[in-house]
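Read off the chains here:
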2 protein chains.
Amino acid sequence: MIPDSLNNLIESFKMLPGVGEKSAERFAYAVLDLDEDMVSQFAESIENIKNNIKRCSICNSLTDKNICSICEDKTRDNNALFVVDDPKNVFLFEKLNMFHGKYHVLNGLINPLEGINPEDIGIDLLIKRVEKEKFKEVIFALKPSIEGETTSLYIKKILDGMNVTITRLASGVPIGADMEYIDSLTLERALSDRKEV
Amino acid sequence: MIPDSLNNLIESFKMLPGVGEKSAERFAYAVLDLDEDMVSQFAESIENIKNNIKRCSICNSLTDKNICSICEDKTRDNNALFVVDDPKNVFLFEKLNMFHGKYHVLNGLINPLEGINPEDIGIDLLIKRVEKEKFKEVIFALKPSIEGETTSLYIKKILDGMNVTITRLASGVPIGADMEYIDSLTLERALSDRKEV
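(A) Region of interest: the overall build of chain A. On a plain count of helices and strands, chain A comes out with 8 helices and 6 strands. Counting helices and strands in the order they occur from the N terminus, chain A gives α-α-α-β-β-α-β-α-β-α-β-α-β-α. Here the C-alpha radius of gyration of chain A, 22 Å, is well above what a compact globule of 197 residues would show, namely 16 Å. A principal-axis box enclosing the C-alpha atoms of chain A has dimensions of 65 × 45 × 35 Å. A burial count over chain A gives 41% of its 197 residues as buried. Relative to all contacts within chain A whose residues are 6 or more apart in sequence, the contacts with residues 24 or more apart total 50%. Accessible surface for chain A amounts to roughly 11600 Å². Of this, 51% is attributable to carbon and sulfur atoms. Separation of charge centres in chain A, based on 24 positive and 33 negative side chains, amounts to 8 Å.

And the structure:
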């Protein structure tokens, strides 16, 4: 009963995370109510994303150009390298405006069970970069999981010979969290990493 | 810092109802992770919606063709006409599979305060259709509001001379609702429309 073009749009919206039938319908009707210009702009912004967005050839983050704006920025601190496993986390930390060094993005984490090996996530590129750009500190901000641990330990082993300090973000109890809802691994880490007040 | 194409897509998603910064970002990254084919399909489904969807020349509902599938369906009951003020409500009632007559869609409701007069919402088309197709019953399923009431009363006045029964959906307490949260107008209507058990 619903016209095909409307149905196609509803189906498209359902590809988005957390969008079910009801929300997809709401979005589709909202698009119908938009001005023609806005609709074209919307369609274009989707079409363009795959054509325009690529990986920065230095740090592997997302960019419209060959080299991303952070790698190109001469004013940034060249001593510290912030290693993440997902390009979104670059933008996340940039928004906080707390870190002013450089970034490097891994293509995920080592996960032998799923057949993801060190060479699959671009560790070689990271190692070469640390050698070449002579960072004083490499900060791991990887997902706090077994895979994140494995990946940081693997990279640490290789970097150990070079003259570089290797750190990771502190693990522990999130500010404002209810202690009873924190998992035991986090509590264990919070205890072993305890700090004098 | 975020690449322009990514930012444009995030801004596009923010045009959707109930989608803020965080959800828009999540959607944009999800699109980045889709296959190239899916992305093109998504963009196309948006681009097509404005080009393909038009109003049915008989009932004013949304359709891909000149005449919608309901108006074209010879098996439907020609005695009852279901009048709604929004094309989505046609699909809503069709999904329930409760009504098997024809539909007519008004372009909204009469609202003198906002300058929306009877001629703006296509009442003439509805009247002509009732005259021509000789419906036995016209069922109003308009928004239960002052504007909805005004609109149904206005149309009723015109149709009164013709040989047609005019009804509206029952108003009352929704099934499962907490009585204390129901507004007084609804309670009043529920009382005056009370039924013998």
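(B) Quick peek at the packing of aromatic side chains. A full pass over the atoms with the stated rule returns 15 aromatic pairs over all chains. Both rings, one in A:Phe13 and one in A:Phe42, keep their centres 6.4 Å apart while their planes meet at 55°; by these two values the pair is tilted. Here the residue A:Phe13 occupies a position in helix α1 (residues 4-13), and A:Phe42 occupies one in helix α3 (residues 36-52), the gap between them amounting to 29 residues. What makes A:Phe42 buried here is its relative accessible area of 0%. Judged by centre distance (5.5 Å) and plane angle (70°), the ring pair of B:Phe13 and B:Phe27 falls under edge-to-face. Placement of B:Phe13 in helix α1 (residues 4-13) and of B:Phe27 in helix α2 (residues 21-33) is noted, with a sequence separation of 14 residues between them.

(C) A look at the relation of the copies chain B and chain A. Of the transformation placing chain B onto chain A, the axial shift is 0.0 Å and the rotation is 180°, giving an RMSD of 0.1 Å. On the angle and the small slide along the axis, the relation comes out as a two-fold axis. Measuring from the rotation axis to each C-alpha of chain B, the shortest distance belongs to B:Ala43, at 2.2 Å. Comparing interface residues between copies, 98% of those in chain B also lie at the interface in chain A; the contact surface is shared.

(D) Quick look at the domain arrangement of chain A. On domain assignment, one finds that chain A holds domain 1 (4-52) and domain 2 (77-168). The C-alpha centroid of domain 2 of chain A is placed 36 Å from the C-alpha centroid of domain 1 of chain A.

(E) A look at the environment of A:Ser69. Relative to the helices and strands, A:Ser69 resides in helix α4 (residues 69-72). A sequence separation of 56 residues divides A:Ser69 from A:Phe13, and the C-alpha atoms of the two residues are 31 Å apart.

(F) Spatial organisation of unusual backbone geometry. Residue and element names in this part refer to chain B. Phi at asparagine 60 takes a positive value of approximately 70°, unusual for a residue other than glycine. You can see asparagine 60 is positioned in the loop between β1 (54-55) and β2 (62-63). One non-glycine residue with positive phi stands out, namely lysine 134, at about 50°. Relative to the elements of secondary structure, lysine 134 occurs in the loop between α6 (123-133) and β5 (137-140).

Scoring rules and cut-offs
- Residues numbered from 1 in each chain as written.
- Chains lettered and ligands numbered in written order.
- Predicted model: local features only at pLDDT ≥ 70, side-chain atom pairs only at ≥ 80, totals over all residues.
- Heavy atoms only, no water.
- Helix = DSSP H or I, 4+ residues; strand = E, 2+ residues; numbered from the N terminus.
- Rg over C-alpha atoms; globule rule 2.2 N^0.38 Å.
- Buried < 20%, exposed > 50% of the residue type's maximum accessible area, 1.4 Å probe, protein only.
- Contact = heavy atoms within 4.5 Å.
- Areas by Shrake-Rupley, 256 points an atom, 1.4 Å probe, with all protein chains shown as cover.
- Lys, Arg positive; Asp, Glu negative; His and termini not counted.
- Charge placed at Lys NZ, Arg CZ, Asp CG, Glu CD.
- Phe/Tyr/Trp six-rings, centres within 6.5 Å; stacked < 30°, edge-to-face > 60°.
- Least-squares fit on C-alpha atoms with pLDDT ≥ 70 in both.
- Domains from an automatic or database assignment.

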